[in-house]
Amino acid sequence: DQYVVNITNNKGSYNNSEVARFNIFARESNWQPTIYTKAYNMIENTCLQDLYYKIFRLSDNYVVVDYSTGSFAYTKTSYDSTGNYFDLDMTLLEEQYTYGIKLARYDGVNLIEFPDTFKFKVG
């Protein structure tokens, strides 16, 4: 299955002393609205059970937190009825740098990385 993902609450800038929660919206890429008497186009969020993240510094592509899919999968996102999410402690990151978040699905053999990069700065 092909999916489109987005981090819906990315502020773009974070204080280095906070713990930020990143909410992830996912939907199938071939989604079509259902047509009744009128067009109903409320997109439903899809929970992806094997969704992982990595954090890297944009200036030099230094990977700060890499994908972890082993027995201790610390970059696996959590999910509930509203979708996927993960918490990130900003004290792990250096101030005044811009970082990127990449998301990937694990199909049991390979990591399939989504093309989008979600950027934020630590101030």
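The structure displayed is predicted, hence computed values, not measured ones. (Residues numbered from 1 in each chain as written. Predicted model: local features only at pLDDT ≥ 70, side-chain atom pairs only at ≥ 80, totals over all residues. Heavy atoms only, no water.)

Visitor: Tell me what's going on with the packing of aromatic side chains, and back it up with residues and numbers.
Guide: One pass over the full model with this rule turns up 8 aromatic pairs. Residues Phe72 and Tyr74 carry aromatic rings whose centres are separated by 5.8 Å and whose planes lie at 50° to one another, so their mutual orientation is tilted. The exposure class of Phe72 is exposed, given its relative accessible area of 63%. Each residue in the set Tyr14, Phe22, Tyr53, Phe86, Tyr99 and Phe120 is aromatic and connected to the rest through ring pairs, giving one cluster. (Phe/Tyr/Trp six-rings, centres within 6.5 Å; stacked < 30°, edge-to-face > 60°. Buried < 20%, exposed > 50% of the residue type's maximum accessible area, 1.4 Å probe, protein only.)

Visitor: Kindly report on the pattern of salt bridges, identifying the contributing residues and their values.
Guide: In a structure, side chains of opposite charge can pair up when their charged atoms sit close to one another. Enumeration over the complete set of coordinates arrives at 6 salt bridges. Of the charged contacts in the structure, one is a salt bridge between Asp87 and Arg21, with a shortest N-O distance of 2.7 Å. Placement of the pair is Asp87 in strand β9 (residues 83-89) and Arg21 in strand β3 (residues 19-28), with a sequence separation of 66 residues. On the basis of relative accessibility, which here comes to 42%, the residue Arg21 falls in the partly exposed class. For Arg57, the salt bridge is made with Asp60, and the minimal N-O distance between the two is 2.9 Å. One network of salt bridges, in which partners are shared, links Arg57, Asp60 and Glu94. (Salt bridge = Lys/Arg side-chain N within 4 Å of Asp/Glu carboxyl O. Helix = DSSP H or I, 4+ residues; strand = E, 2+ residues; numbered from the N terminus.)

Visitor: So, the sheet that holds strand β8 (residues 78-80): which residues are in play, and what are the values?
Guide: If you walk across this open sheet you meet the 4 strands as β1-β3-β9-β8, and the pairing is antiparallel. The sheet is open, and its two borders are formed by β1 (3-7) and β8, each paired with just one other strand. Geometrically, the sheet is characterised by an average inter-axis angle of 30° between neighbouring strands, direction not taken into account. Two strands pair when backbone bridges link them, and β3 and β9 are joined in this way by 6 bridges, in the antiparallel orientation. By the bridge assignment, Asn23 is partnered in β9 with Tyr85. (Pairing = 2+ DSSP bridges. Axes fitted to C-alpha atoms, helices over the stretch in contact; angles between N-to-C directions.)

Visitor: Describe the side chain of Arg57, naming the residues involved and giving the relevant values.
Guide: By the element assignment, Arg57 lies in strand β6 (residues 51-57). Engagement of the side chain of Arg57 in a polar contact is seen with the side chain of Glu94, the distance being 3.1 Å. Those residues in contact with Arg57, other than ones at most four positions away along the chain, are Tyr62, Val64, Glu94, Tyr97, Thr98 and Tyr99. (Polar contact = N/O pair within 3.5 Å; in protein donor to acceptor, adjacent residues only side chain to side chain. Contact = heavy atoms within 4.5 Å.)

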